[in-house]
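So the chains spell out like this:
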Amino acid sequence: MGIQKVAVITGSAQGIGRGIAERLAKDGFSIVLSDLNEEVLKETEKEFKNKGVNVTSFVGNVTKPEDQEGLVKHAVDTFGNVDVFINNAGVEGQVAPLTAVDPKAVDFTLDVNIKGVIYGIKAAANQMKKQGTGGKIINACSIAGQEGFEMLGVYSATKFAVKGLTHVAAKELAPFKITVNSYCPGIVGTGMWERLDEKMMEHMGTKKGEAFAKFTQGIALGRPQTPEDAANLVSFLASSDSDYITGQNILTDGGMVFN
């Protein structure tokens, strides 16, 4: 058996990030978990270790370049290299019409969803260039990065930015055999959507669960997404099967937004 490849996943203590980490562990990667929520992160790391996963964790804030660099350093210090870096961490931000957005909420959402991805790309790419063996950077986009959704204007703006960053990074890093792609999930039944549902009650006058039901009605395959659905696509993008794919923002939404 060859040397285990190393995958670093931000925002991986829970939700889609955790689902991705679980899948890549099954695929044979050594896993570097990272999150701002130390308590949940340590619990997740412990559960992974109990399952025999080669895993470590790093508490980090993606909006801080020094934390992103520290995360990459921790991965290299622990496992020797970084083969796959997944900019998964993200926030939904304020659910409100554009005429009612709060400037602090705007700044926070842009900081996490845009700056976090920029600093993640920078830290990962510099390490991968140093290694000289290529690599894969995978960003979290969204259906809201393909089409604007009402009440989610700022979130949509950040995900359109991720789409553009994915294009730019793919062009800049191709000479170094580093591919850059993004996965665009639809409606996933995680804590983020529970929060969105509650916030939409305030603005849309819906009852609990109604907004979630309304948005999931339009899914062609007839069910909301699971973290595993998103993880299946990321598994492919992290594998050698995707070596000739770069600069793409790929939808995994059960049939909601059609390109």
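Calculation rules
Residues numbered from 1 in each chain as written. Predicted model: local features only at pLDDT ≥ 70, side-chain atom pairs only at ≥ 80, totals over all residues. Heavy atoms only, no water. Buried < 20%, exposed > 50% of the residue type's maximum accessible area, 1.4 Å probe, protein only. Helix = DSSP H or I, 4+ residues; strand = E, 2+ residues; numbered from the N terminus. Pairing = 2+ DSSP bridges. Right-handed = clockwise from strand over helix to strand, strands pointing away. Salt bridge = Lys/Arg side-chain N within 4 Å of Asp/Glu carboxyl O. UniProt positions renumbered as here; feature names shortened; annotations may be inferred. Contact = heavy atoms within 4.5 Å.

*Asks:* Report on the pairing of strand β6 (residues 178-185), specifying residues and quantitative values.
*Replies:* Within β6, eight of the eight residues are buried, which leaves the element mostly enclosed by the surrounding structure. On β6, burial covers both faces: I178, V180, S182 and C184 on one face and T179, N181, Y183 and P185 on the other are all buried. Strand direction decides the pairing type here: strand β5 (residues 135-140) and β6, joined by six bridges, are parallel. Paired with A140 across the two strands is Y183, which belongs to β6. Judged from the four bridges that link them, β6 and strand β7 (residues 249-252) form a sheet pairing that is parallel. Bridge pairing in β7 places P185 opposite T252.

*Asks:* Quick rundown of the pairing of strand β1 (residues 6-10)? Include the residues and the values.
*Replies:* Taking burial as the measure, the five residues of β1 include five buried ones, the bulk of the element. Across the two faces of β1 the burial is the same, with V6, V8 and T10 and A7 and I9 all buried. Where β1 meets strand β2 (residues 30-35), five bridges bridge the pair, whose relative direction is parallel. Pairing of A7 across the sheet is with I31, part of β2. Crossover β1 to β2 through helix α1 (residues 15-26) is right-handed.

*Asks:* Provide a residue-level description of the pattern of salt bridges, including the pertinent values.
*Replies:* Considering all chains together, one arrives at nine salt bridges under this definition. Of the charged contacts in the structure, one is a salt bridge between D111 and K115, with a shortest N-O distance of 3.0 Å. Separated by four residues within a single helix, D111 and K115 lie in helix α4 (residues 103-131), roughly one turn from each other. Since its relative accessible area comes to 37%, K115 is described here as partly exposed. Here the salt bridges share partners, and the residues they tie into one network are R18, E22 and E47.

*Asks:* Break down the UniProt feature "active site" (unreviewed entry) in the protein chain for me, with residues and values.
*Replies:* Summarizing the sequence annotation, UniProt attributes the feature "active site" (unreviewed entry) to Y155 in the numbering used throughout. Here Y155 shows up in helix α5 (residues 153-173). Judged by relative accessible area, Y155 falls into the buried class, the value being 12%. Excluding residues that lie within four positions of it along the chain, Y155 makes contacts with V91, E92, T109, N113, S142 and A144.

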